[in-house]
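# Working through the structure, step by step
The primary structure of each chain is shown beneath.
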Amino acid sequence: MSKQRIYLSPPHMGSDELSRVQEAFATNWIAPLGPHVDAFEHEFAAQISECEAKDGSIQAAALSSGTAALHLALRWLALKPGDEVIVSSLTFIASVNPVLYEGATPVFVDSETRSWNMDPALLAEAISDGIARGRKPRAVILVHLYGQSADLDPISALCERHGIPLIEDAAEALGAVYYSRRPVYDDPTGDAANAQRREVAPGTVGLCGVYSFNGNKIITTSGGGMLVSRDMSLVAKARFWATQSRDPASHYEHSEMGFNYRMSNVLAGIGRGQLRVLRERIAARRNNFAFYQHALGDLPGIVFMPEAEYGRSTRWLSCLTIDPANSGTDREQVRLALAGENIESRPVWKPMHQQPVFAGLRCYGGAVAQRLFRDGICLPSGSSLTQSDLERVTRVIRRCFGRR
Ligand SMILES: Cc1ncc(COP(=O)(O)O)c(C=O)c1O
């Protein structure tokens, strides 16, 4: 295959990362602790609270992965076997595995079509049903998919009303914005509809939020994650557990089980550099999406992932569905045609309720995620794609539709 490969979402370094890695080498801070880790946590927390008051109330813990961050978030809740945890069905399995690590049982909730994220009405049904069965959910893991926030106002209100902790899996949605109309403090008039619109970052609304810096994410440290919360005791405990639960003593003293989940100081240096270019990366990914919309929008049966009116997506991945009944082709034919031209694309996530490993588990709804999986495709979305890369991708897709 002679043509240069176009990847789905490759890493894109800025100009600052290498010097920070060199700094780690020069100072010999080659450890899962160090000044870059402290600074990355601080700078990350400041950045995600940017749209709100920078009051320093959000704390962050840099960890070895987003999965580790989710695991520690669930551990904080001290789950017991048989406890149920609600999770979005349309997601990557890393959103769910930590529920199993803690011995609890996942319960899945389908997506809504306007955002592809968790349907608040189905969540309400899942909670009521759980309560009626004598199994009130112990937590809700809300996924913000493909760069777009879920509808946080109704979902956070629902969780608060029932006293259920909300864990936000924002692994794919760093830099997204949600326009919240919920008052920051309890509104004495109870008139939430009149509350002023505030821009909030997905991941900062619930009990805690989780981000990933895996190699395919909008910014990357090759591998890594961040746990954020306004609850300082939660973040402090996560740091403690992540360093093998080492008690304060000159020798090695441990009164609890722990994990080796901290982020390396070298990788945190990369993260600090990447954070500086986050805005540019979002702009580039939104441009990719706009290009695809313009170049493919006339094709029959194609529907782009909607941008819900309640927020702004980063368009981490450019996704669309191809209706086989109206297009004369289907998602798999398009994916294979792209692969034949050395272009990487991916089906939309296979829903968790359809995964063999979760067979027999409860799911509320399911048809929306199933259709999105059947018809949905993620196109090359990297922030370093060139105009000619984008043209190459759209030419192949147009050919599948018999168009030039
Ligand atoms: C929705 C979602 N949740 C969690 C994760 C886990 O993150 P990590 O790969 O850093 O463990 C990812 C990505 O990998 C993800 O896409």
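The coordinates are above.
Residues numbered from 1 in each chain as written. Predicted model: local features only at pLDDT ≥ 70, side-chain atom pairs only at ≥ 80, totals over all residues. Heavy atoms only, no water.

## Observations regarding the site of the ligand
The full set close to the ligand counts 15 residues, and Thr67, Asp169, Glu172, Ser212 and Lys217 are the nearest of them. The contact in question runs from an oxygen atom of the ligand to an N or O atom on the side chain of Thr67, over 2.5 Å. Between the ligand and Asp169 there is a distance of 2.7 Å, counted from a nitrogen atom to a side-chain nitrogen or oxygen. The fraction of the free accessible surface of the ligand (380 Å²) that becomes covered by protein chains is 93%. When its residues are assigned to classes, the shell around the ligand shows 4 nonpolar, 8 polar and 3 charged. (Near = heavy atom within 4 Å. Polar contact = N/O pair within 3.5 Å; in protein donor to acceptor, adjacent residues only side chain to side chain. Areas by Shrake-Rupley, 256 points an atom, 1.4 Å probe, with all protein chains shown as cover. Nonpolar A, V, L, I, M, F, W, Y, C, P; charged D, E, K, R; others polar.)

## Here's the deal with the sheet that holds strand 6 (residues 177-180)
Read across the sheet, 3 strands follow the order 7-6-11 without closing on themselves; strand pairing throughout is antiparallel. Looking at which strands have only one partner, the edges of the open sheet turn out to be strand 7 (198-200) and strand 11 (311-312). Sheet analysis places strand 6 next to strand 7, joined by 3 bridges and oriented antiparallel. Bridging across to strand 7, Tyr178 finds its partner in Val200. (Pairing = 2+ DSSP bridges. Helix = DSSP H or I, 4+ residues; strand = E, 2+ residues; numbered from the N terminus.)

## Focus on the side chain of His144
Of note, His144 is situated in the loop between strand 4 (139-143) and helix 6 (152-162). Take His144: its relative accessible area is 0%, and that puts it in the buried class. From its side chain, His144 meets the backbone nitrogen of Ala150 in a polar contact 2.9 Å long. Residues contacting His144, with those up to four places away along its chain left out, are Asn117, Ser149, Ala150, Leu152, Glu168, Asp169, Ala170, Glu172, Ala173, Pro202 and Gly203. (Buried < 20%, exposed > 50% of the residue type's maximum accessible area, 1.4 Å probe, protein only. Contact = heavy atoms within 4.5 Å.)

## Some points on the packing of aromatic side chains
Each aromatic ring pair is specified by the distance between its two centres and by the angle formed by the two planes. Under the definition given, this model contains 13 aromatic pairs. With a centroid separation of 6.2 Å and an interplanar angle of 75°, the aromatic rings of Phe40 and Phe44 are classed as edge-to-face. Separated by 4 residues within a single helix, Phe40 and Phe44 lie in helix 2 (residues 35-48), roughly one turn from each other. Grouping residues by exposure puts Phe40 and Phe44 together as buried. Ring centres 5.1 Å apart and planes at 15° place the aromatic pair Phe259 and Tyr261 in the stacked group. Ring-pair connections join several aromatic residues into one group, and the members of that group are Phe92, Trp116, Tyr146, Trp316 and Trp349. Over the face of the ring belonging to Tyr252 we find Arg246, whose NZ or CZ atom lies 3.7 Å from the ring centre. The ring centre of Phe289 lies 3.4 Å from the NZ or CZ of Arg315, which sits over that ring. (Phe/Tyr/Trp six-rings, centres within 6.5 Å; stacked < 30°, edge-to-face > 60°. Lys NZ or Arg CZ within 6 Å of the ring centre and 35° of its normal.)

## Some details on the sheet that holds strand 4
Strand order in the open sheet formed by 8 strands is 1-9-8-5-4-2-3-14, and the pairing between neighbours is mixed. In this open sheet, the two strands that pair with only one neighbour each are strand 1 (59-63) and strand 14 (363-364). Contacts from helix 7 (residues 232-242) reach strand 1, strand 8 (208-212) and strand 9 (225-229), with the element oriented near 15° to strand 1. (Axes fitted to C-alpha atoms, helices over the stretch in contact; angles between N-to-C directions.)

## Focus on the nonpolar core
Core analysis: the biggest nonpolar cluster contains 36 residues, and Phe44, Trp116, Tyr146, Leu174 and Met226 have the highest contact counts within it. Only helix 2, strand 1, strand 9, helix 8 (265-276), helix 9 (278-296) and helix 12 (367-375) provide two or more residues apiece to this core. A per-element tally of this core places helix 2 first, with 5 residues. Core analysis: the next-biggest nonpolar cluster, separate from the first, contains 30 residues, Val96, Ile167, Leu227 and Ala238 among them. (Core = buried A, V, L, I, M, F, W, Y, C linked by side-chain atoms within 4.5 Å.)

## Describing the environment of Val85
Structurally, the position occupied by Val85 is in strand 2 (residues 84-88). As for Val85 and Gly147, which are separated by 62 residues in sequence, their C-alpha atoms are 23 Å apart. Apart from residues no more than four positions distant in its own chain, Val85 is found in contact with Leu74, Leu79, Val99, Ala104, Thr105, Pro106, Val107, Ala139 and Ile141.

## Concerning helix 5 (residues 120-132)
Between its first and last C-alpha atoms helix 5 spans 18 Å; for 13 residues at 1.5 Å apiece the expected length is 18 Å, and the two agree. Looking only at helix 5, the buried set comprises Pro120, Leu122, Leu123, Ala126, Ile127 and Gly130. Each buried residue of helix 5 lies within a common arc of 155° when the element is viewed along its axis, so the set occupies one face. The exposed residues of helix 5 that point more than 90 degrees off its buried face are Ala121 and Ala132. Measuring from the backbone nitrogen of Ala121 back to the side-chain oxygen at the start of helix 5 gives 2.9 Å, which picks out Asp119 as the cap. (Expected span 1.5 Å × (residues − 1). Arc of directions from axis to C-beta.)

Read these as layout, nothing more, since geometry by itself doesn't imply function.
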